[in-house]
Structure formats: structure tokens, C-alpha cells
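Chain by chain, the residues run as shown.
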Amino acid sequence: MAIETLFIANRGEIAVRIIRAAQSLGIKTVQAYSEADAEMLAVKLADEAVCVGPAPAAKSYLNIPAVVAAAKDAGADAVHPGYGFLAENADFARAVEDAGMIFVGPKAETIERMGDKVAARIAAKEADVPTVPGSDGRISADEALRVADEIGYPVMIKAAAGGGGRGIRIAQDAAELSRLAPQARAEAEAAFGDGGLYLEKVIVNPRHIEVQILGDGTGAAVHCYERECSLQRRRQKVWEEAPAFGLPDATREAMCNAAVALAEAVNYRGAGTIEYLYDAAADEFYFIEMNTRIQVEHPVTEMITGLDLVAMMLLIAGGETLPVTQDQITCTGHAIEVRLNAEDPLMQFLPFPGKVASLSIPEGNGLRFDHFLYEGYQIPPFYDSLLGKMIVHAPTREAAIDLMAETLKDLEIGGLKTTTPLHLALAADPGVRAGDFHTQWLEPWLDAGNLTATDAA
Amino acid sequence: MTDIVSPLPGTFYHKPDPNSAPFKSAGDAVTVGDTIGLIEVMKTFIEVKAEAAGTFSDYVAADATPVSAGDVLAKMG
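Residues numbered from 1 in each chain as written. Chains lettered and ligands numbered in written order. Predicted model: local features only at pLDDT ≥ 70, side-chain atom pairs only at ≥ 80, totals over all residues. Heavy atoms only, no water.

## Observations concerning the environment of A:Leu145
All names here are of chain A.
Then step 1. Looking at the secondary structure, you find Leu145 in helix α7 (residues 141–151).
Then step 2. Through-space distance from the C-alpha of Leu145 to that of Pro206 is 24 Å; in sequence the pair is 61 residues apart.
Then step 3. Apart from the residues within four sequence positions on either side, Leu145 is in contact with Tyr153, Ala174, Leu177 and Ser178. (Helix = DSSP H or I, 4+ residues; strand = E, 2+ residues; numbered from the N terminus. Contact = heavy atoms within 4.5 Å.)

As C-alpha cells, then:
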């Protein structure tokens, strides 16, 4: 059953992105919005819009009964959750389907299984995907000490139900592990209502590389190559690339094939991402988690493959088999995405929402700006600070970095502070140019004063 | 009377967390730099600090409500 009316249960740039993909397929769109978002671009672009509650996300975008009822009342036959909010909430996926609509994403059971880190790790092992050496699932404090002795220190203690870096402790030796494990258990219990812990070896200075996959829900899946997401601040990605650079061909192939194997093993439906840590020195990669949604950085994959991943999600959700075969998916050139946040990078990244006084967006070959801005728009302070994503595509990585720098210099967003100065400084940095960085690189680089008002001017 | 105004738009909170007491109550002494509330802006919590000394009168903006930059949050005597 092809989708006729799509309800968009999200906001910001991803809502705009989904509306455009739906429109390209001739699908009618109904946009959800909170009282604080009545003026947002997606509301203006959609065929219809429905208020789902007050400004706080807990009372609007995260209110499952309100969102499902709004979609049902609007006559939608499918719901796209975007990313964040309810995108990886199994109860929401189930509620949408129980109400007789299609959830654009995997089945609720798949979200549940891959959302539990221990269950996801077991699924990866069963599909022969390499995992970080660690415990086989939840463990007691005594077992933790035994396993840590086997795999070697330092080890990371993680909450089974965790996320966003909460409930994580690193122990350098057995004494530290004995002291930290009860703390981690208490924090996990308080934060997630589940004190389950597991243990992993710490990979020193890893890169974060992830593979985009598409599955049809019946056991067939393809990959769309990988993305390099190692430039992170507070575990949030700030600059992403495709493909990953300097990766041996055999390693790339193994990573992509392992991702497909896992997607097929769980009968994955829709677009998903398999995240790996990559130890460049040892040329080893390890599965860390699967994201069961479209991601912020999907455009870099679209630039190198020429695919429209959101349109493909909609086709698959509408019941089509995989719209592309593996041999039709090619990788051309190099793409980079930077996240432009309403923050002042020169003032400890203090959020800086304001009114868009002026807007001038560079256009040209290999440029794409995914955003939800227009002149006169007041950015609401109630949600995250992502304003948009500048994406460039060029024949080589070096040319892509040059193009990003030129493009950002020409981009004008008046009335707000944005993270553009950070990205200009990164584009000019010899370490970034050489691809000589990892997930622990950006924060010390900032602490060392590499970003100053003088550079940014 | 001295007004304490919001430096940013966001959601104003009287308490450090839902289960704690408010930062200040009527009659409390306020010294420069005292935290009188929190503003949540784009998922970040910013402390609102007193820029003058005095005696706390009361909150003007209700707890956990949206405020704009420049709105009066509280008054001091």
C-alpha cells in the first residue's frame, strides 16, 4: 500500500527535509507543531498542519497519545518520526501501528532489541559482526572484575539502558573498578530505572565510522557506504564526512558487509545505521550500536551515492521491496557536512537563539543547505540548537574542505550567533586537513585555544 | 525595588531540580552572584545570578514557564 498522506512527527530541518521527499513522491503532508512552532518553515510548506500541544517537548512532540491522535484525526496513513523525539521509541511505533497507520521505520520489536545495548551486542555477535571485547551481557560487580582481568584495563562500565554518555565510568585498574561499579549502577538506576551494567574494553583514540543501510523488512538489505564522524564535542558530532578517509579497501568492505549481515539478521526495515569504533593503529573495527532511524548526517551519504534516503524510507514503508540493488549503489567523490548550531563558539558554546535578520545562502555545484530558516523567523529557545547543515560535495577530500571554507564564508545568517567560526577554523586546521584526528581530538583542541576571536574574524 | 531580568529567552525555573526548594524565598538576603533561578535554553541550563545585593521579595515569572530576554524574573527590596 503506497502512502497517500504522511504525518510528520518532528520539527526543524528534518521536518522540512521529510516534506520535500514526500512531495517528490506526490505524498500529501500533515505537519505536527507545538504552540512555540506555529511559525516554523515546515508548517508553511506542508499541505496541512496540526498543533499537538504546548511548547515543552514533553507536552507536544513527546506526547505519544497526542501525536497519534493528531495523525489519526488528520487522516494520515503513515507517520515519519524524523530523528530525536520519538524516532527510536518502540511504544510510539507500536501505538502508530495499533492505530492502523504505518510507522516509517523498523518494527517496534526491532527498535526495542537494537535500543537495548546488551541485546544489540548479542545480535551483532550472532551475525558475526566484531564487537568491543567485553562482558556477555549484564554482569555483577564480581563478574566485572573477572572479565576486566581477561580483556585488560582500562575498561568502561556502561549502563545497559543508557544513552547520551550517562551512566559511563572508566576504570584504570581493579581498585578503581570496585569503587566505580556501584556508582554506575546507582546512576543507571536513577536515570533509566534499570541498574543493569556491562563492561567494555576502552579503545584508545578511536575513530567513529558508521555504515548506512537500507532494509526491506523481509531479510534483504544493502549498504550505502560509510561515514566518518570522529569530530565530536561532548559526544555530539559536529562535522561528518563520506566516505571515511584512509580506510584500507578490505576494511571498508568488511565494515559494510558486516552492517548488511546485521541488518539482514534482524529483518531490518527502513533506513538504519551501524556504528563502529575504528582503531586505526590496529586496523580493527568494533560494533558499538545501531541507530534505527534516519540520522542528522544522512546527506553526506546522499551526496556520494546520489540516493534520496528519505524517499527510500517512504517507498519501503509503503510496502515496496528495496528500491535499489547493491550493484546500483556507487560512491563518487567526497562529501562533508557541518552542523550549524545557534551557539556562540567563542563563549563556551552558549546557546544564542534570536531572530533571523537576514539570510543569504550560497548556491552552486556540490552545495546543499538543509535548514528551516527564513528572514524574520524567531528561533524558539525550547528545542535543540541545530539551525541547519551545510553540505558540500567535490571530487576529492581536499577540494571538499576548500569548498566548505569558501561556502561558509559566503553564508550569511544575520541576527544569530552560529558555530560557523568553529567550522572555518577546523577547515583551516592542518590536523583536519591531514585527516589526523579521532573522537577524543576536538575537545583538547578547543581547550588548547585553537579557536579564538582573532581567527574567526 | 530592583528587578532581576532574564538574560536569555527560555524556560525559567525557581528550583535546581523538581524535588528541591526554590533558590530564594521572600525575605532571604541576596548577595551579588547568588543564583536565583535557572533558564533552560536549547537544552542547556544557565544560572541566573543576582547583580546587586538586597532582600529577595518574590518571583515574578512563575516556575517552569517560558520567558523572553529582558522579562522580569524576580524582585528585590
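From this point, the discussion proceeds with the structure in view.
## Overview of the interface of chain B and chain A
Then step 1. Each partner contributes to the interface: chain B provides eleven residues, whereas chain A provides eleven residues.
Then step 2. For the pair chain B and chain A, the summed buried surface comes to about 880 Å²; carbon and sulfur atoms form 78% of the total.
Then step 3. The largest share of the area that chain B buries against chain A comes from B:Pro9, B:Met42 and B:Lys43, three residues that together contribute 59% of it.
Then step 4. There are zero salt bridges connecting chain B and chain A.
Then step 5. In this assembly, chain B and chain A are joined by one residue pair in polar contact (both at pLDDT 80 or more).
Then step 6. Taken together, the elements giving at least two residues each to the side of chain B that touches chain A come down to β2 (10–13), β4 (35–41) and β5 (44–49) of chain B.
Then step 7. In terms of residue class, the side of chain B that touches chain A is made up of six nonpolar, three polar and two charged. (Buried area = accessible area lost by both parts, 1.4 Å probe. Salt bridge = Lys/Arg side-chain N within 4 Å of Asp/Glu carboxyl O. Polar contact = N/O pair within 3.5 Å; in protein donor to acceptor, adjacent residues only side chain to side chain. Nonpolar A, V, L, I, M, F, W, Y, C, P; charged D, E, K, R; others polar.)

## A look at the sheet that holds strand β3 (residues 48–53) of chain A
Residue and element names in this part refer to chain A.
Then step 1. Strand order in this open sheet of five strands is β3-β2-β1-β4-β5, and the pairing throughout is parallel. Here the strands that pair on one side only, and so sit at the sheet edges, are β3 and β5 (102–103).
Then step 2. Pairing geometry for strand β1 (residues 5–8) and strand β4 (residues 78–80), over three bridges, is parallel. Following the sheet pairing, Ile8 is matched in β4 by His80. (Pairing = 2+ DSSP bridges.)

## Re the side chain of B:Thr11
Then step 1. Summarising the element assignment, B:Thr11 is placed in strand β2.
Then step 2. Judged by relative accessible area, which is 11%, B:Thr11 ranks as buried.
Then step 3. What B:Thr11 contacts, discounting residues up to four positions off in sequence, is A:Phe382, B:Leu38, B:Ile39, B:Glu40, B:Ala64, B:Thr65 and B:Pro66. (Buried < 20%, exposed > 50% of the residue type's maximum accessible area, 1.4 Å probe, protein only.)

## Focus on the packing of helix α3 (residues 64–73) of chain A against helix α4 (residues 90–98) of chain A
Residue and element names in this part refer to chain A.
Then step 1. Two elements in contact, α3 and α4, have axes separated by 10 Å at closest approach and are oriented at 30°. By the angle between their axes, α3 is roughly parallel relative to α4. With respect to the hand of their crossing, α3 and α4 are arranged in right-handed fashion. Packed against α3, whose contacting residues are Ile64, Val67 and Val68, the element α4 presents Asp91, Phe92, Ala95 and Val96 at the interface. (Axes fitted to C-alpha atoms, helices over the stretch in contact; angles between N-to-C directions. Parallel < 35°, antiparallel > 145°, perpendicular 65-115°, else oblique. Left-handed = near helix turned anticlockwise from the far one by under 90°.)

## Here we look at the packing of helix α5 (residues 108–115) of chain A against helix α6 (residues 117–126) of chain A
Residue and element names in this part refer to chain A.
Then step 1. Direction vectors running N to C along α5 and α6 enclose 95°, while the axes themselves pass 5 Å from each other. Comparing the axis directions of α5 and α6 gives the class roughly perpendicular. Listed contacts from α6 to Arg113, Met114 and Gly115 of α5 are Lys117, Ala119, Ala120, Ala123 and Glu126.
Then step 2. Broken down by class, the residue content of the contact of α5 with α6 amounts to four nonpolar, one polar and three charged.

## Things to note about the packing of aromatic side chains
Residue and element names in this part refer to chain A.
Then step 1. Within the structure shown, the criterion is met by 13 aromatic pairs over all chains.
Then step 2. Aromatic pair Phe92 and Phe103: ring centres 6.0 Å apart, planes at 85°, arrangement edge-to-face. With a gap of eleven residues between them, Phe92 in helix α4 and Phe103 in strand β5 connect regions that are remote in the sequence.
Then step 3. With a relative accessible area of 1%, Phe92 lands in the buried category.
Then step 4. In this structure Phe103 comes out as buried when scored by relative accessible area, which is 0%.
Then step 5. For the pair Tyr276 and Phe285, a centre-to-centre distance of 5.0 Å together with 75° between the ring planes defines the contact as edge-to-face. Accessibility assignment for this pair places Tyr276 and Phe285 in one class, buried. (Phe/Tyr/Trp six-rings, centres within 6.5 Å; stacked < 30°, edge-to-face > 60°.)

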